[in-house]
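# Structure assessment
Below, each chain spelled out in residue letters.
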Amino acid sequence: MGDDSEWLKLPVDQKCEHKLWKARLSGYEEALKIFQKIKDEKSPEWSKYLGLIKKFVTDSNAVVQLKGLEAALVYVENAHVAGKTTGEVVSGVVSKVFNQPKAKAKELGIEICLMYIEIEKGEAVQEELLKGLDNKNPKIIVACVETLRKALSEFGSKIILLKPIIKVLPKLFESRDKAVRDEAKLIAIEIYRWIRDALRHPLQNINSVQLKELEEEWVKLPTGAPKPSRFLRSQQELEAKLEQQQSAGGDAEGGGDDGDEVPQIDAYELLEAVEILSKLPKDFYDKIEAKKWQERKEALEAVEVLVKNPKLEAGDYADLVKALKKVVGKDTNVMLVALAAKCLTGLAVGLRKKFGQYAGHVVPTILEKFKEKKPQVVQALQEAIDAIFLTTTLQNISEDVLAVMDNKNPTIKQQTSLFIARSFRHCTASTLPKSLLKPFCAALLKHINDSAPEVRDAAFEALGTALKVVGEKAVNPFLADVDKLKLDKIKECSEKVELVHGKKAGLAAEKKESKPVPGRAAALGAAGDKDTKDVSVPKPGPLKKAPTTKSGGPPKKGKTTAPGGSASAGTKNKKGLETKEIVEPELSIEVCEEKASAVLPPTCIQLLDSSNWKERLACMEEFQKAVELMERTEMPCQALVRMLAKKPGWKETNFQVMQMKLHIVALIAQKGNFSKTSAQIVLDGLVDKIGDVKCGNNAKEAMTAIAEACMLPWTAEQVMSMAFSQKNPKNQSETLNWLSNAIKEFGFSGLNVKAFISNVKTALAATNPAVRTSAITLLGVMYLYVGPSLRMFFEDEKPALLSQIDAEFEKMQGQSPPAPTRGISKHSTIGTDEGEEGDEPDDGNNDVVDLLPRIEISDKITSELVSKIGDKNWKIRKEGLDEVAGIINEAKFIQPNIGELPTALKGRLNDSNKILVQQTLNILQQLAAAVGPNIKQHVKSLGIPIITVLGDSKNNVRAAALATVNAWAEQTGMKEWLEGEDLSEELKKENPFLRQELLGWLAEKLPTLRSTPTDLILCVPHLYSCLEDRNGDVRKKAQDALPFFMMHLGYEKMAKATGKLKPTSKDQVLAMLEKAKANMPSKPAAPAKTMSKPMGGSVPAKYQPTPVPVEDSVSSNIEAKPDLKKAKAPGVSSKAKSAQGKKVPSKTTLKEDDDKSGPIFIVVPNGKEQRMKDEKGLKVLKWNFTTPRDEYIEQLKTQMSSCVAKWLQDEMFHSDFQHHNKALAVMVDHLESEKEGVIGCLDLILKWLTLRFFDTNTSVLMKALEYLKLLFTLLSEEEYHLTENEASSFIPYLILKVGEPKDVIRKDVRAILNRMCLVYPASKMFPFIMEGTKSKNSKQRAECLEELGCLVESYGMNVCQPTPGKALKEIAIHIGDRDNAVRNAALNTIVTVYNVHGDQVFKLIGNLSEKDMSMLEERIRRSAKRPSTAPVKQAEEKPQRTQNINSNANMLRKGPAEDMSSKLNQARSMSGHPEAAQMVRREFQLDLDEIENDNGTVRCEMPELVQHKLDDIFEPVLIPEPKIRAVSPHFDDMHSNTASTINFIISQVASGDINTSIQALTQIDEVLRQEDKAEAMSGHIDQFLIATFMQLRLIYSTHMADEKLDKDEIIKLYSCIIGNMISLFQIESLAREASTGVLKDLMHGLITLMLDSRIEDLEEGQQVIRSVNLLVVKVLEKSDQTNILSALLVLLQDSLLATASSPKFSELVMKCLWRMVRLLPDTINSINLDRILLDIHIFMKVFPKEKLKQCKSEFPIRTLKTLLHTLCKLKGPKILDHLTMIDNKNESELEAHLCRMMKHSMEQSGSKCEKETEKGASRIDEKSSKAKVNDFLAEIFKKIGSKENTKEGLAELYEYKKKYSDADIEPFLKNSSQFFQSYVERGLRVIEMEREGKGRIPTSTGISPQMEVTCVPTPTSTVSSLGNTNGEEVGPSVYLERLKILRQRCGLDNTKQEDRPPLTSLLSKPAIPPVASSTDMLHSKLSQLRESREQHQHSDLDSNQTHSAGTMTSSSTANIDDLKKRLERIKSSRK
């Protein structure tokens, strides 16, 4: 039994480890009970058992083990630390539980495993279970499989990874043990439930019987998608939601959720990739080239076998693909062609996306091979091309496919169309954008008119499929010319089509194309709208009616946007002409005569060819009249122009007739439906006459009219070819001049640059100078639209000519193209015009580069060249590369087909010779420029290898690689790069250079994208590993890139991806994700795509042709991004448009001027607040950037649209800087007149000005700074305070400008910073300027340091944030700067601090290097030679900096409180508060000193510092009046409206629900922080404070004890309470309303909170305690001094009486009293001493001296003595007159004590004035014995030695030395250390400097506010003691003082005589309510309390006023008699 009793005594955890099984059993049972009881999952109790759980499950005793398993299960379920035990416990379960015979043990084991999965440890559990499958014991295997099956069944395939299980399944099926096989079968069935047929392939090789059994079981499974029945902890909310949905009627959404889940598993993913390249026959490449077809066949068959593997490992398949391609393309044996096609199919299927890079090489070959007729070959080719299509995107192969479409072979055409149809089936509306559809439709439309029926049918099928995929809206614009029969056929095909979306292939395709070209999809919808409208126009126009061009109008217009994009004129013009011939065939001359005679007078026709010119002229006049009178529909244009061309036609010799003739042509073109057929009849004649001196202008007019009717592009091309086919130079030059002019009038859109360029080149080579000049002028005009890339065409011209061209271009630079004024023929439907034109740049926006003639260079890339590039000798390799560079240079623009070049160059990118690597990179840059956007097909084969070079160790190679990647990306866009796994594979490489460069590149590119391919998620795991990379740069780059990844992928996806990280990493990464979430920018808004890529690549957007209809008469300052989608038709009134906040050019400039009247800033109520909320809630971008991106500018524009006048906004956001200057001038003019508006929009104005700081134009910058100076002057006059939001989005950018090279600018910026201190606290400015010192710009560093010096000089050390120590350390770093100016600035700043702060500086700046320290000491020494200058300088500096600082003091005082309440949640800024409090003290002292020195200057400002709303104090006060009475009616009004609301809110403050309380506090905080509203709280202060401390009690007793409550909530509530209190105690008028009882309870609550140890344990507890500390100081300083002093005395009394109270509590109360004592010299006059003495009397009654001495601590008695001593010292014998409220004074111990004190001090001072005893707490007179002196000095040194009282001790020692200059303190110092001696000496020196200096005592910031030593000289008005019986003349101020005190004592107001109420009524009321606890007070009548409090307040207030007045007004002796009389009267009334 002995043993038994031993273990019974052990604690539970030791029992669990005991060797006796009984002990363990008992331990496990008790542990189970404990586990069930612990409610808090984070309880420390859990951790005790962390190491024991494995023993619970692996116990050797079966009975005990069962109990252990039960306990372990409960532990895993409830303990938050359980996850740490996963690996060991699960492996224990597998090895020691699953082999147990007891079923119960196995069940518990399985349950434990599932519970671990539930707590998010699935992967670890699965890993252990899979290890268990290798165990030899079949029981264990069965149990492991069963556990996996249950886990899969319950949690689903998202949580349980199927791939590793499927991998081991075949092995399980082969097991010898039947139980294992059966279990394998069950799990196979379960897996099939989740992934269906994807399981078939992995199991195809198992025993056929087993497979058959499985098939039978699989068939029985339900077809619905399975759902998980159990959820992870993190998903359990989702579970609850699902249950709700089900109860709410079906699980529609649930089904949807899981619908996603099923296709997630792709059979391909489950397969193991097979490596086949190494398995190819060794002689494969030889055999494949063999002459015998049998050998080639063998080689192919070997490949066929290998590619049958369903998943192939990635590798370099280029050679294999090349070989197979060669067979397909060139082999004569069709059987081998089919075989090679099958091999390609296998490769494409096995490699999937990884095959994409080879697709471009193979597709054209396969398509061209469709000429084969044999079905098996065709089928093999079809399968191959379909498989290849799935590995790439339609976009990537579109060019190759379109090229084949023009092939003459009908079979190729047919098969290509069918392939397109099949491809379309895999697309969606978004992956088949308009830009892609357009060229395909154009090509297919040719095929539907093909002679071969099979080609037509295939084209119909393809168009039908497109129609089905994207809908009619998108396709109809391309089908405008198709007749009804064919249209019906297309629609019929469309109905038959079945799309592939549901199937896997469809998904794959969709994924591949998931990123449409940005903006396309959006444009599609919008364009569709317009286009359908347009299409309706042609339908009614019957085709028979030949001349009606109306129906031809829109299609013709549509043709302008023909396949080639913006102007591929070749096809377009043919197309246009074809259409025209259908609409208006060429008529014979007879028909024309017939038609003409119907509309012209008969004489006219007869005289046309008269030989008399006068008759011809008359005939022309009649002709003209007839044409003028004709209706448009009746006019037979072609007939009329043929009549005009009739002999003599254009050979007319009389110029008058000719002029008329040309004029008539112009009329016909303008008035009739003029077709291209008609135009061709006349154009030749017009061109012939254009050079004619007399008729030239008329010819030009006619040509312009024709251009308007038939479109400029067509007309211009005709005219140019005609002009240059003749020899007349005059005609040529005039044609070029006409064209220059026409382009300006019509705009550039649709013009065929190619055709012009060849003509222009001809003209430039002309011998006639006029032709050359005209050509150069035309080039200048084209340059306006095309931009610099135009020059590329002319680089091979002669230098002289080239310089002329350059000069012309130079002239045009900076000009914007004029808005088109013509070009929309009046009769064409505007809708079409706008729709088509508007969208055109959207589609064909590959800029002018697309118009260039591209050269095919593949034939130049010979095999010799390729082998040269790959040669072993580097010199030969270099030669090869030089040749390639030469080829590219020569060709300039080349076709994307570059043969073998990619593989050759790729090899050189990893050349051992770095020079060659760089040369290769340069070639690749050239290549990108030469190939243009089509280079995208080489991204995978060449682009990704460039990225690999980013990992090079050489800096210059990396830089070259980065430049190359950027050059490529500029051409290709980012989609190609981000698709597939290539980029993630690069990021995976653990090369720090590669990682940091690549991440930096992504961080730059990602923010500019509107969408990204889904493959971006593949990079995330590697991004996370970069976050923890060993290399700091990699980590930094990864952190920078994080927000941009999140911007595209979303927080959820990113957080989910952390699941695979180790727990430690996961927490770190999640924290970073949270941080990134806050900085995540929003995706760039979808701008109208028109301008996103300006033509010519580098032309600014303004050079774009503006695709806006002519009717809008676009003014030249049109915005660069007109919103095409909104501008549906020009009919939309500009009002409607501007309502949408978009820029619409007004019709005329006159209108603009009219609009300019009225305010420029519109006041939007709460607009600014709303913007701030949006920014806080991350609804908009935070204004934070290194250079402003477009999205910031767009955002600002949108925000401004509601509050800035439209016309001003146009100026502000104009692209031309002169408009910015105009805007600034207007803003300056309106500054004074629109103050409210300016303040309402201030945040936006400042943000706009920050944008101007990034402009390069100095004049704008100067103007902006000028405006800022005026603005801040205005703000300080208006006493506006900048909000945090305004400051943080402006100051950092202003500081950037302080480093400008121009002196003027720097000066202005410094002046602005100076003025800003008047509207924003200097202490908050400090960190911003400090940040500026970290700049790379040395000027900026120096200026910022100087500015910091000025701040310290002007505002003292308290501006240094976060603490002077930290700030000075940072400043001191710059002493070692490279730049001399920076060093000097840093030294000067520290010297400034030294002048203010003395030797303390050395302590604060910490360790400096010797060199720096010697420089600093030298500089200090130099400045010390003129020590007196420092304070003087300060005084000088002060006026200029501080002219308004006093009005600002309230704001400065607000500083910390704003932090508290504005961010109630976080802002408990560490050390800011204590310092802030000191800062206020400092301001306060300073002003007092100034009042003493000079009461003239400060007079107006001082009261604002002291009080909040009492401007009346400014008036001179002779006899005090009750000023505050005047305000009270207003208060009463306020109460009547808002009192009930406030009462209700206050009642909620004490609510038991934390959120309710926080909401109420937030509302009150808003009221308190707005000065104008704060007074509404008056009268509710007690009520509010009671509610607050009731809440404090509630938290203390209830919330803190509640373990379920999140402690963050409590911290949040504390923050709100403290923030509110601080806001309240900032407002002196409100703070003084708090009554004694309430203050007592409040202080009790606060001190209790400070002592609450539970708070200290919380994360932010220290912050809370610091904030409470600050609040207590505020309460002590700002409350009614009588009430607070009284409250503290009562509180001290209660705390000493209460036995439960902690000594620490009493100590803190006493500390508060000490602080009050220290404030007494300032506040004595505002204190009702009678009340205080009454309280002290009561205290002494409760605690007589004897009882006090019995206290453990001597502090209470010392506190009381110090208080009384200070009162005696300040009041002198008068103190005895204040015992009026004590009933029986004689019994009072107090009176006796006071008398003793007075007597003692009288003895001491003799007849000396009281001033002698000014400072010391216990002074010693000369007669004191030496022993006494020694005791006294010992006491002082004791103080100096103690940490708390060191300053007090030093001050006393200084006083003592001053008084007894001969006293010897040497003996006391002799025994101490050297350090202590120097410390004392230095301390005395500092005090001396301070006292001799300005009376400022800079307190060291390290000391908390309670310790601060205040030294305010006693006001000179204190009078010598009233015991003065020497009969001397007493000054009037004495009577004034006495009078005031007497009246106060009688409870009188210090009002004017006549205003005073009768004395009796005043005396009858007690002036002071008795002190009671607030709860008692609640029961008394509130009204009575308020009355007495108000009355008391007034007396205080007025005494205060009198005091301040006393120091200011010199009393005039005239009033002395009057005062004496009043004094007598009052005395008598008292008796």
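Residues numbered from 1 in each chain as written. Predicted model: local features only at pLDDT ≥ 70, side-chain atom pairs only at ≥ 80, totals over all residues. Heavy atoms only, no water.

## Thoughts on the overall build of the protein
When helices and strands are tallied, the protein shows 103 helices and 0 strands. For the protein, buried positions account for 53% of its 2031 residues. Across the protein, contacts joining residues at least 24 apart in sequence account for 76% of those joining residues at least 6 apart. (Helix = DSSP H or I, 4+ residues; strand = E, 2+ residues; numbered from the N terminus. Buried < 20%, exposed > 50% of the residue type's maximum accessible area, 1.4 Å probe, protein only. Contact = heavy atoms within 4.5 Å.)

## Thoughts on unusual backbone geometry
Backbone torsion omega between Q1361 and P1362 reads -5 degrees, so that peptide bond is classified as cis. Examined against the element boundaries, P1362 turns out to sit in the loop between α71 (1338–1355) and α72 (1364–1373). With a phi angle near 60 degrees, N1166 is a residue other than glycine that sits in the positive phi range. Secondary-structure assignment places N1166 in the loop between α59 (1149–1155) and α60 (1167–1176). Residue classification places N1166 among the exposed positions, given a relative accessible area of 55%.

## Examining the packing of aromatic side chains
The geometry of two aromatic rings is summed up by the distance between their centres and the angle between their planes. In total, this model carries 24 aromatic pairs according to the counting rule given. Ring plane angle 75 degrees and centroid distance 5.0 Å describe the contact between F284 and Y285, whose orientation is recorded as edge-to-face. On the basis of relative accessible area, F284 is assigned to the buried category, the value being 0%. By relative accessible area, Y285 is classed as partly exposed at 36%. Ring geometry for F389 versus F419: centroids 6.1 Å apart, planes at 85 degrees, classification edge-to-face. Placement of the pair is F389 in helix α21 (residues 375–389) and F419 in helix α23 (residues 410–425), with a sequence separation of 30 residues. Exposure remark for F389: the relative accessible area of 2% places this residue in the buried category. Since its relative accessible area comes to 0%, F419 is described here as buried. (Phe/Tyr/Trp six-rings, centres within 6.5 Å; stacked < 30°, edge-to-face > 60°.)

## Quick look at helix α27 (residues 484–496)
Taking 1.5 Å per residue as the helical rise, α27 with its 13 residues ought to reach 18 Å, and the 19 Å between its terminal C-alpha atoms agrees with that figure. Those residues of α27 that fall on the buried side of the exposure criterion are L487, I490, C493 and S494. The buried side chains of α27 occupy one side of the element, clustering within an arc of 120 degrees when seen end-on. For α27, the exposed residues lying more than 90 degrees away from the buried face are K484, L485, E495 and K496. Tucked inside the fold, the buried residues of α27 contact α25 (453–470). (Expected span 1.5 Å × (residues − 1). Arc of directions from axis to C-beta.)

## Digging into the nonpolar core
F1625 and I1736 are the most contacted members of the largest nonpolar core, which has 96 residues in total. No other element matches the 11 residues that helix α84 (residues 1607–1626) contributes to this core. Residue contacts for F1625: discarding those within four places in its chain leaves L1585, A1631, L1639, L1642, L1671, K1674, V1675, K1678 and S1679. Residues F1161, I1239, A1372 and V1393 belong to the second largest nonpolar core, which totals 92 residues. (Core = buried A, V, L, I, M, F, W, Y, C linked by side-chain atoms within 4.5 Å.)

## Quick word on the pattern of salt bridges
Proximity of charged atoms lets side chains of opposite charge pair with each other. Tallied over the entire structure, the rule returns 82 salt bridges. With a closest N to O distance of 2.7 Å, R24 and D59 form a salt bridge. Residue R24 is found in helix α3 (residues 21–37), and its partner D59 is found in the loop between α5 (53–57) and α6 (62–78); the two are separated by 35 residues along the sequence. D59 sits in the buried class, given a relative accessible area of 7%. In this structure, E879 engages K868 in a salt bridge whose closest nitrogen and oxygen atoms are separated by 3.7 Å. Separated by 11 residues along the polypeptide, E879 in helix α46 (residues 874–891) and K868 in helix α45 (residues 863–869) bring together distant segments of the chain. Taking the relative accessible area as the measure of exposure, K868 reaches 25% and is therefore partly exposed. Salt bridges sharing common partners tie together D1303, R1306, R1310, E1343, E1346 and E1347. (Salt bridge = Lys/Arg side-chain N within 4 Å of Asp/Glu carboxyl O.)

## Considering helix α55 (residues 1032–1049)
Over its 18 residues, α55 extends 25 Å from the first C-alpha to the last, a length consistent with the 26 Å expected when each residue adds 1.5 Å. Along α55, the residues that are buried comprise V1034, A1038, A1041, L1042, P1043, F1044, F1045, M1046, M1047, H1048 and L1049. Lining the buried residues of α55 we find α53 (992–1005), α54 (1020–1027), α56 (1051–1056) and α57 (1063–1079). Measuring from the backbone nitrogen of D1033 back to the side-chain oxygen at the start of α55 gives 2.7 Å, which picks out N1031 as the cap. (Polar contact = N/O pair within 3.5 Å; in protein donor to acceptor, adjacent residues only side chain to side chain.)

## With respect to the side chain of S774
Mapped onto the elements, S774 comes out in helix α42 (residues 769–786). The exposure class assigned to S774 is buried, which follows from its relative accessible area of 5%. Of the polar contacts made by the side chain of S774, one reaches the backbone oxygen of S733; its length is 3.3 Å. Setting aside residues no more than four positions away along its own chain, S774 makes contact with S733, L736, N737 and S740.

## Digging into the packing of helix α88 (residues 1661–1678) against helix α89 (residues 1681–1697)
Two quantities define a packed helix pair, namely the angle between the helix axes and the distance between the axes. One can describe the packing of α88 onto α89 by two numbers: an axis separation of 7 Å at closest approach and a directional angle of 125 degrees. The angle between α88 and α89 places the two elements in the oblique class. Contact residues: α88 offers V1675, L1676, E1677 and K1678, while α89 offers Q1681, I1684 and L1688. Its residues assigned to classes, the contact of α88 with α89 comprises 4 nonpolar, 1 polar and 2 charged. (Axes fitted to C-alpha atoms, helices over the stretch in contact; angles between N-to-C directions. Parallel < 35°, antiparallel > 145°, perpendicular 65-115°, else oblique. Nonpolar A, V, L, I, M, F, W, Y, C, P; charged D, E, K, R; others polar.)

## Some details on the environment of V693
Tracing the chain through its elements places V693 in the loop between α37 (676–689) and α38 (696–710). With relative accessibility at 78%, the residue V693 sits in the exposed group. For the pair V693 and F655, spaced 38 residues apart in sequence, the C-alpha separation works out to 9.8 Å.

## Focus: the state of the cysteines
According to the stated counting rule, one finds 0 disulfides in the structure shown. Just so you know, C113 is unpaired, no disulfide at all, and the nearest cysteine sulfur is the one on C144, 7.7 Å from it. (Disulfide = S-S within 2.5 Å.)

## Structural notes on the confidence of the model for the protein
Here the protein averages 75 in pLDDT, and 76% of its residues register 70 or above. Across residues 825–847 the pLDDT falls below 50, and counting only partners more than four positions away or on other chains, this stretch makes 70 contacts in the model. Across residues 1995–2014, confidence stays below pLDDT 50; counting only partners more than four residues off in sequence or on other chains, it has 35 contacts. (pLDDT = per-residue confidence, 0-100.)

## Observations concerning the environment of L1939
With respect to the secondary-structure elements, L1939 resides in helix α99 (residues 1932–1945). With residues up to four places along the chain from it excluded, the contact list for L1939 reads L2019, L2023 and I2026.

## Some thoughts on the environment of S1423
On the secondary structure map, S1423 appears in helix α75 (residues 1410–1424). On the basis of relative accessibility, which here comes to 12%, the residue S1423 falls in the buried class. Excluding anything up to four places from it in sequence, S1423 contacts V1391 and N1395.

## Overview of the packing of helix α86 (residues 1636–1650) against helix α90 (residues 1703–1723)
Two elements in contact, α86 and α90, have axes whose closest approach is 10 Å; the angle formed by their N-to-C orientations is 120 degrees. Judged on the interaxial angle alone, α90 and α86 are oblique. Taken as a pair, α86 and α90 cross one another with a handedness that is right-handed. Here α86 contributes M1643, H1644, I1647, T1648 and M1650 to the contact with α90, which in turn contributes F1705, L1708, V1709 and C1712. Class assignment for the residues of the contact of α86 with α90 results in 7 nonpolar, 2 polar and no charged. (Left-handed = near helix turned anticlockwise from the far one by under 90°.)

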